[in-house]
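# A look at the structure
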Amino acid sequence: MAPATERPRPDPDAELLLRYAQGDAAAASELTQRLGPKAFGVAFRVLGDRAEAEDVAQEALLRLWKAAPDWDRASAEEDGDDTKGKAKVSTWLYRVVMNLSIDVKRRRRGGSVDLDAIPEPADDSRSAADMMQDGARQEALQAALMQLPERQRRAVVLRHIEGLGNPEIAEILDVSVEAVESLTARGKRALAKLLVTRKAELGYHDG
């Protein structure tokens, strides 16, 4: 007897989005709390500018709300393939964030890059020195990310900062899984080289 096919787990974000489409304001609030920081974080890591990242995150969420009334069809159209109507909400949103970030980069005409780190939450158990060192590490990482080629940076952010799997990253970036593997491997090696000279300063020790 053939084993039963395992049914995919329901996407909790999609359930919230559909509840919002049916008029549930609390669902929109919960979904914003779940996805808003992720959208901002990805945009900031790609763009290196807090104000631009906030604009991108807000625009991405606005597009998500517009897609809510007909989520399955809207998600399929965004992917350009009507067989993908069951795309995860987070995957769809990451892809929109990436596309909007690319648009921002294209519109830029010079100017400096803001490398301020995303602030760490307050923690009374940690000393001021510890928090300053964490901030320095975040700033160093952001500065190094901004030196990577665009495609490597996007892949590294999604894989090593957001923790997404290669198939999902491939869907977001519209490339093959093999391309994702190559981009993340090269990006990780480049980051290591950029950060190696600051290991002692940032409190990293071998072994």
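Residues numbered from 1 in each chain as written. Predicted model: local features only at pLDDT ≥ 70, side-chain atom pairs only at ≥ 80, totals over all residues. Heavy atoms only, no water.

What follows deals with the confidence of the model for the protein chain. Here the protein chain averages 76 in pLDDT, and 70% of its residues register 70 or above. Looking across the protein chain, the model is least confident in helix α4 (residues 71–79), with a mean pLDDT of 52, and most confident in helix α3 (residues 50–67), with 93. Residue range residues 1–6 is modelled with pLDDT below 50. Its contacts to residues more than four positions away, or to other chains, number 0 contacts. Between residues 74–85, whose pLDDT stays under 50, and residues either more than four places distant or in other chains, the model counts 19 contacts. (pLDDT = per-residue confidence, 0-100. Helix = DSSP H or I, 4+ residues; strand = E, 2+ residues; numbered from the N terminus. Contact = heavy atoms within 4.5 Å.)

Here we take up the pattern of salt bridges. Scanning the model with the defined rule gives 9 salt bridges in all. Salt-bridge contacts for R63 lead to E59; the nearest nitrogen and oxygen are separated by 3.0 Å. Placement of both R63 and E59 in helix α3 is noted, with a separation of 4 residues, approximately one turn of the helix. Residue R63 is classed as partly exposed on the basis of its relative accessible area of 37%. One salt bridge in this structure joins D174 and R95, with 3.7 Å as the shortest N-O distance. Linking D174 in the loop between α8 (166–173) and α9 (177–195) with R95 in helix α5 (residues 89–107), this pair joins segments that are 79 residues apart in sequence. (Salt bridge = Lys/Arg side-chain N within 4 Å of Asp/Glu carboxyl O. Buried < 20%, exposed > 50% of the residue type's maximum accessible area, 1.4 Å probe, protein only.)

It is the contact of helix α1 (residues 12–21) with helix α2 (residues 25–47), at a shortest axis distance of 8 Å, that shows an interaxial angle of 145°. Regarding α1 and α2, the two cross each other, and that crossing is left-handed. Residue-level inspection shows P12, D13, L16, L17, R19 and Y20 of α1 in contact with α2, the latter providing A27, A28, E30, L31, R34 and L35. Within the contact of α1 with α2, the residues separate by chemical class into 8 nonpolar, no polar and 4 charged. (Axes fitted to C-alpha atoms, helices over the stretch in contact; angles between N-to-C directions. Left-handed = near helix turned anticlockwise from the far one by under 90°. Nonpolar A, V, L, I, M, F, W, Y, C, P; charged D, E, K, R; others polar.)

It is worth spelling out α1 at this point. The complete set of buried residues in α1 reads D13, A14, L16 and L17. Seen from one end, α1 has its buried residues packed into an arc of 160°, which puts them on one side. Count one or two residues on from α1 and you reach G23, which has phi positive near 100°. (Arc of directions from axis to C-beta.)

A complete count under the given rule lists 3 aromatic pairs for this structure. Aromatic pair F40 and F44: ring centres 6.0 Å apart, planes at 15°, arrangement stacked. Within this pair, F40 and its partner F44 are both found in helix α2, separated by 4 residues, close to a single helical turn. Pair check on accessibility: F40 and F44 agree, each one buried. Taking NZ or CZ as reference, R50 lies 6.0 Å from the ring centre of F44, over its face. (Phe/Tyr/Trp six-rings, centres within 6.5 Å; stacked < 30°, edge-to-face > 60°. Lys NZ or Arg CZ within 6 Å of the ring centre and 35° of its normal.)

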